[in-house]
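Each chain, written out:
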Amino acid sequence: LGASTANVEVHPIIDSTNSELMRRLQSKAELESGKVIVAEMQQAGRGRRGRVWQSPFGANLYYSYFWRLDDGLQAAMGVSIAVGLAVYDAIKALYQIDVELKWPNDIYINKQKLAGVLVELDGQPQGPCQLVIGIGINLQMPESFSQHIDQAWTDLNQHTQQLYKNELVASLTYYLEKRLLQYSQSGLQEMYEQWNALNAFAGEQIELNTGHRSWRGICEGIDPQGGIRIRQDGEVKSYYGGEVSLRKA
Ligand code: ATP
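Colleague: How would you sum up the confidence of the model for the protein chain? Please name residues and give values.
Modeller: In the predicted model, the protein chain carries a mean pLDDT of 92, and the fraction of residues at 70 or more is 96%. Mean pLDDT across the elements of the protein chain bottoms out in helix α3 (residues 143-146) (85) and peaks in helix α5 (residues 192-197) (98).

What follows is the structure, given as structure tokens:
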């Protein structure tokens, strides 16, 4: 796979691969687009809004990718969508498994969570911005950890004979680079319909929640800007924003 330009750094133990790239960014360390950090275990793996990403030692993948975008924070909104498709591509290429996507940034098989994406940003509304793209993929979750995950989950071990972890790093890096380049050239124009074909909740009654407010309706997929479209009382509205969570209603 053409991940030749990538620079991959492997840590046996780390607090969080995203935190490590964010620290380097804040300390003004030299960072090139395509820099990858992976770890065998995370002591403080993070999900969105302060949630924990369970990261035991073993076969699972804890991966972060650094990328610079020229167009400012507003343009970074759809990146999670492009990243979800890159995870789809990588898993399809290596295992011939079709994963499903949940807006804005989760990866499922049969409605069980296989992987999570956490995109963290640094920059101004205008001008270039920096992105740290964290991806956790369950390859083989130790039985003792499963009880700590408070939603339905799965791992690749339940769906394939061979886990190919190193090849997954290469495949993921290759497809991330490809999807992010596509994103900087044409946004989600060439991607949103493909994302919709993989939408885990297409046509289902869902609830969106910010913690303070919630909306219910039928999930109609995403719009070309990456917002989620919901049909409520015969009217379709799009919702944006990183603080919104989607659940089956
Ligand atoms: P959303 O992203 O839609 O707001 P989410 O619950 O999927 O919702 P994330 O922040 O993406 O939230 O991920 C954290 C959540 O994922 C945890 O609260 C837990 O329910 C679940 N989780 C934690 N670790 C794992 C893991 N290794 N595999 C699968 N699921 C996990």
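Colleague: Mind laying out the sheet that holds strand β7 (residues 129-137), listing which residues take part and the relevant values?
Modeller: With mixed pairing, seven strands are arranged side by side in an open sheet as β1-β2-β3-β7-β6-β5-β4. A single partner strand is all that each edge strand has here, and the edge strands are β1 (7-14) and β4 (100-102). Strand-to-strand twist of the sheet, defined as the mean angle between neighbouring strand axes without regard to direction, takes the value 20 degrees. Examined bridge by bridge, β1 and strand β2 (residues 35-42) share seven bridges and lie parallel to one another. Residue pairing for β2: Ile13 is matched across the bridge by Met41. With respect to the sheet, helix α1 (residues 17-26) is in contact with β1, β2, β3 (61-69), β6 (112-123) and β7, its orientation differing from that of β2 by roughly 135 degrees. Across the sheet, helix α2 (residues 79-95) lies against β4, β5 (106-109), β6 and β7, angled at about 40 degrees from β7, the strand it touches most.

Colleague: How would you sum up the pairing of strand β11 (residues 235-239)? Please name residues and give values.
Modeller: Where strand β10 (residues 228-232) meets β11, five bridges bridge the pair, whose relative direction is antiparallel. Bridged to Ile228 within β11 is Tyr239.

Colleague: Describe the nonpolar core, naming the residues involved and giving the relevant values.
Modeller: Among the nonpolar cores identified, the biggest contains 61 residues, and Tyr63, Ile135, Ile137, Leu156, Leu168 and Leu208 are the most heavily contacted of them. Take this core: its biggest share by element is 12 residues, from α2. Counting contributing residues, this core receives three or more from each of domain 1 (7-197) and domain 2 (205-248). Each residue touching Ile137, except ones within four places of it in the same chain, is listed here: Asn60, Leu61, Val87, Leu114, Ala115, Leu156, Leu168 and Leu172. Leu21, Leu25, Leu31 and Ile37 belong to the second-largest nonpolar core, a separate cluster that totals nine residues.

Scoring rules and cut-offs
Residues numbered from 1 in each chain as written. Predicted model: local features only at pLDDT ≥ 70, side-chain atom pairs only at ≥ 80, totals over all residues. Heavy atoms only, no water. pLDDT = per-residue confidence, 0-100. Helix = DSSP H or I, 4+ residues; strand = E, 2+ residues; numbered from the N terminus. Pairing = 2+ DSSP bridges. Axes fitted to C-alpha atoms, helices over the stretch in contact; angles between N-to-C directions. Contact = heavy atoms within 4.5 Å. Core = buried A, V, L, I, M, F, W, Y, C linked by side-chain atoms within 4.5 Å. Buried < 20%, exposed > 50% of the residue type's maximum accessible area, 1.4 Å probe, protein only. Domains from an automatic or database assignment.

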